[in-house]
Amino acid sequence: MANLLYRLGRFSYQRRRLVAAIWTFVLVLLGVGALTLGGQTANTFSIPGTESQRALDALAKDMPAASGATASVVVKAPAGKTLMDPAVKAAVGVTVAKVAKVPEVAGAVDPYTAKAISQDGSTGLIQVSFTKSADQLSKESTTAYDELDSLSSGDLQVVPGGAVVGGPPEIGSTEVIGVAIAAIILIVTFGSLVAAGMTLLTALIGVLAGMAGLFLVTAFTEVSSTAPILALMLGLAVGIDYALFISSRHRSQLAEGMDPEESVARATATAGSAVLFAGATVVIALAGLSLVGVPFLTAMGLAAAATVLTAVLVALTLLPAMLGFVGNRVLPRKLRHHGAHAAEPAPTKEGFGFRWARLVTRFRVPIVALGILGLGALALPVRDMQLAMPDGATATENSNQRIAYDLSAAAFGPGSNGPLVVVVKTPNAQQSEALVGQVLGLTKNFKDIVAAQPGPASENGATRLVSVIPASGPASEQTSDLVGDLRDSLKPLSVNGADISITGNTAIGVDVSQKLTDALPTYLLVVIGLSFLLLLLAFRSILVPLKATLGFLLTIGATFGITVGVFQLGWGAALFGVDSPGPLVSFLPIIMMGILFGLAMDYEVFIVSRVREEFVHGKHATEATIAGVGHGARVVTAAALIMAAVFAGFILVHDPIIKTIGFGLTVGVLIDAFVVRMTVVPAVLSLLGDRAWWFPKWLDKITPKVDIEGESLRVDEPAKPAEKDLVEA
C-alpha cells in the first residue's frame, strides 16, 4: 500500500499540471451535468413493506384522490366572535375559494361542511387535499400554500399547516461560519496563508465534485432532501481533515530538510495510507445504511459515502499536485530557508503533545477509570431517549407549521394534528360498509381515541376510509402504542378477502421508527465487524481494533446522553435555538452511529498508525505511544476543531433535523478526539505495552500486509521516475 501511494504521490507531483487539468475537467463535467440534468430531491419518509405504505399503495390504485398529500388550514375568529358571525363566515368563504385555487390542490372543504369547528366556535379547519404526495409537490404549489397566511384580516386569522409547509432544508449563509472558523484554525496551525488556502481549496473542490455528482444522480433516482446537507457537512469536514494530515506530514519533512518531491511522495505514502484506511471506515459506515432497507436512509448514506470517497481521491491525487505548485511556500516564512539544500534541518522542539502524552501515560490507571466513569455518567440520559418522526410541534416557533399546530392542538386536542387513516378494502361495497361499522364500534373501546368517523369511498364502494383522531400528539408514545393496539384489534376483521390497514403521517412515522429500531443491531454488527477487520488488516493487532470499538461505545453513549439532555429534556435548549424540546427524530441514532463510527476510526487510524510507525521502527511501546501522540496531537487537535466547527455551523440551520444532527456530530467529534482518542487511548496503549501489538502467527501468515506506516520505504532509497513506477505498478 505504502509503495503504491508513494509512486502515486510522485506521479501527481511530477505531472501536477496534468492532474490539475483532469480534476478541472471532471469538476466542469459534473457541474454541467448537474445543472442540465439534475432533478429535485424528495422530502418523503416512506418505507416499502410496512402496513402504512401498503395502505397508501392500495389508495393510489383504488382512490387516487385520497393518496395525495393532505393538510389543514386553521382559521380562527377574532376575540369575542365565532365562526358563525356573518362577517367571519364570509371571510371563511373567501379563504376556502383562495385555497382551492392553489396549484395542485384537488379540493378544499370548509369547516362547516366538514364539521371541523371547535366547541367554543372560535376555531375551524379547512381540509385540503392535493393531487400529489407531499414530496412531489412543486415549489410553486408549496410556496402559494404557505403564503395563505396573507389572507388574515381583522375578521379572521388564517394559518396554513401540515407537512406540505415544511419544505426541504436549504443551504444558507450559516454554514459559511463553520468554513470561516476552519480557515482561521488552518492559518493558526500552519502559520502560512498559502498552506491554509491550499488545504481549504482542495477540500472545497472535493465537496463541489461530490455535490455536483449527487445532484446529477437526482435525474435518475430519488434522493432524500436531507442527503445534500449531510453530504456537504461530511464532505467539508473530512476533506479539510484529510488534506490537513497529508500537508502537515509534508511540512514536517520539508522542515527537516527533505527534498520537496521526495517529501510529497512519502507524505502520500504514510499519511495518505492513514487517510485511505480512515476514509474506508467512513465509507463502510455510511454505505452500511443501505442494510436498513429504508430508501431515504440508503440515499443519504450512499450520497455522503460518495462525497467522502471523492475527498479521499482529491487528497491522494490533487493535493500532491497542489503541493508541487506551491513548493516551499507551504512552510512559514521563517522556515522556508530550510529544505533539501539547507546546511542543517530546521530545529525542532517538543510541543504540548509530547508533554500531554507523558502525563497520560504516567497517570494511565486513574485516567482510564475517570474517562470510563465520566463518559458513562454523561450517557445516563439515554435511558429516557424517545424517538419519533418530526411534526409541527418541533417546527420553528414562528413558522406557519408551528402556529397551526398549536392553534389546532388548543382547539381540538393534540391528536388532531396527526389523524390515523383506517383503510378498509374488501371484494364488494356491502362487505366494506359492514366492516366500517365494526371498525367504528371497536374504536369506542379505546380511551386514547377522541373521535372516529367514516370518510370517502372508492367509486365501486369496495374501499372505504375511516378517520381516527387520537387523544395524544403524533410524536407521543401514547399514540405509538395506540397504533399498535388498534392494529392488533383490527387484525381479526381481515378475513374473507378483507384487508384492513392503518396509514397516515402518524402511522408512517410509527412504522419508520420501528423499522429503524429493528434494523439497528444488524447494522451495527455488520459495520463494526467490517471495520474491525479493516483495522485488524491495517494494524496487525487484535487488541487495537477491539480497543477502538470499545472507545466508540463510550463516545456514542456520551454523545447521545448530551443530545437527549438538550433536545429532549431541554438542558440549555435556548442556547442552541431549540424552541420546543421533544422526541429525537427516529433515524437520528442510526445516522449518528454510522457517521461517528467512521469519524472515530479516522482519529484512531491517524493517531495509532503513527504510534505503530514508531513501534515498528524500534521504539519501546510506551515511548512509541508518547512519540505517536506527540507528533500527531497538534494536527489531530486542529482536525477535530475544524470538523467540529463545520458541524457546528449546521446548528444554526432552522430545520430541527439538521440542527440535531449538527449538534450531535459536533459533540461527538470533540468527545471522541480529545477525551477518547487523545486521552483514554494512549493510556490504554501504555497499560497494554507490547501486548497491544500481539498478533497470532497463524493469523499473521494469512493476513495481507498493507504497510500503512511506510515500513517498506527506506530513507536512503533513491528516487525513481514516477511515470515508470506507475506503469509498472
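Anything mentioned here points back to the structure above.
Account for the environment of Met1, with residues named and values stated.
Mapped onto the elements, Met1 comes out in the segment before α1 (2-14). What makes Met1 partly exposed here is its relative accessible area of 32%. Taking the C-alpha atoms as reference points, Met1 and Lys705, separated by 704 residues in sequence, lie 8.3 Å from one another.

Talk me through a nonpolar patch on the surface; I want residue IDs and the actual numbers.
Together, Leu291, Leu525, Val526, Leu530 and Leu533 make up a nonpolar patch on the protein surface, roughly 470 Å² of accessible area in all. You can see Leu291 is positioned in the loop between α10 (260-287) and α11 (295-326).

Could you give me a rundown of the pattern of salt bridges, with the residues and numbers involved?
Within this structure, the stated rule accounts for 16 salt bridges. The residue Asp62 makes a salt bridge to Lys425 at a minimum N-O spacing of 2.4 Å. Taken together, the residues Asp62 in helix α3 (residues 51-62) and Lys425 in strand β6 (residues 420-425) connect sequence positions 363 residues apart. Overall, the relative accessible area of 24% leaves Asp62 in the partly exposed class. Between Arg677 and Glu604 there is a salt bridge; the shortest N-O distance is 2.7 Å. A residue pair is termed long-range when its members are at least 10 positions apart, and Arg677 in helix α21 (residues 656-688) and Glu604 in helix α19 (residues 588-616) qualify at 73 residues.

Summarise unusual backbone geometry; cite the residues concerned and give the values.
Backbone geometry at Glu104 places phi at a positive 70°, although glycine is not the residue there. Here Glu104 shows up in the loop between α4 (86-100) and β2 (105-109). In this structure, Arg540 takes a positive phi of about 50° despite not being glycine. Mapped onto the fold, Arg540 is located in the loop between α17 (505-539) and α18 (543-567).

Hey, could you go over the sheet that holds strand β7 (residues 449-457) for me, with residue numbers and the actual values?
Sheet architecture is open: four strands sit in the order β7-β8-β6-β9, paired in antiparallel fashion. What marks the edges here is a single partner per strand, and that holds for β7 and β9 (499-503). Pairs of neighbouring strands in the sheet enclose a mean axial angle of 20°, with direction left out of account. Where β6 and β9 come together, five bridges link them in antiparallel fashion. Note on β9: the bridge partner recorded for Val423 is Ser501. Each of β6, β7, β8 (463-470) and β9 is contacted by helix α15 (residues 429-443), which is oriented at about 10° to β8, the strand it contacts most. Packing against the sheet, helix α16 (residues 477-490) makes contact with β6, β7, β8 and β9, and its axis sits at approximately 175° to β9.

Describe in detail the side chain of Thr479, supporting the description with residues and values.
By the element assignment, Thr479 lies in helix α16. Classification of Thr479 by relative accessible area gives buried; the value is 0%. Engagement of the side chain of Thr479 in a polar contact is seen with the side chain of Ser472, the distance being 2.6 Å. A distance of 2.6 Å separates a polar side-chain atom of Thr479 from the backbone oxygen of Gly473. Ignoring any residue separated from it by four or fewer positions in sequence, one finds Thr479 in contact with Pro470, Ser472, Gly473, Pro474 and Thr506.

Calculation rules
- Residues numbered from 1 in each chain as written.
- Predicted model: local features only at pLDDT ≥ 70, side-chain atom pairs only at ≥ 80, totals over all residues.
- Heavy atoms only, no water.
- Helix = DSSP H or I, 4+ residues; strand = E, 2+ residues; numbered from the N terminus.
- Buried < 20%, exposed > 50% of the residue type's maximum accessible area, 1.4 Å probe, protein only.
- Patch = residues over 30% accessible without salt bridge, like charges linked within 9 Å, V, L, I, M, F, W, Y side chains within 5 Å.
- Areas by Shrake-Rupley, 256 points an atom, 1.4 Å probe, with all protein chains shown as cover.
- Salt bridge = Lys/Arg side-chain N within 4 Å of Asp/Glu carboxyl O.
- Pairing = 2+ DSSP bridges.
- Axes fitted to C-alpha atoms, helices over the stretch in contact; angles between N-to-C directions.
- Contact = heavy atoms within 4.5 Å.
- Polar contact = N/O pair within 3.5 Å; in protein donor to acceptor, adjacent residues only side chain to side chain.

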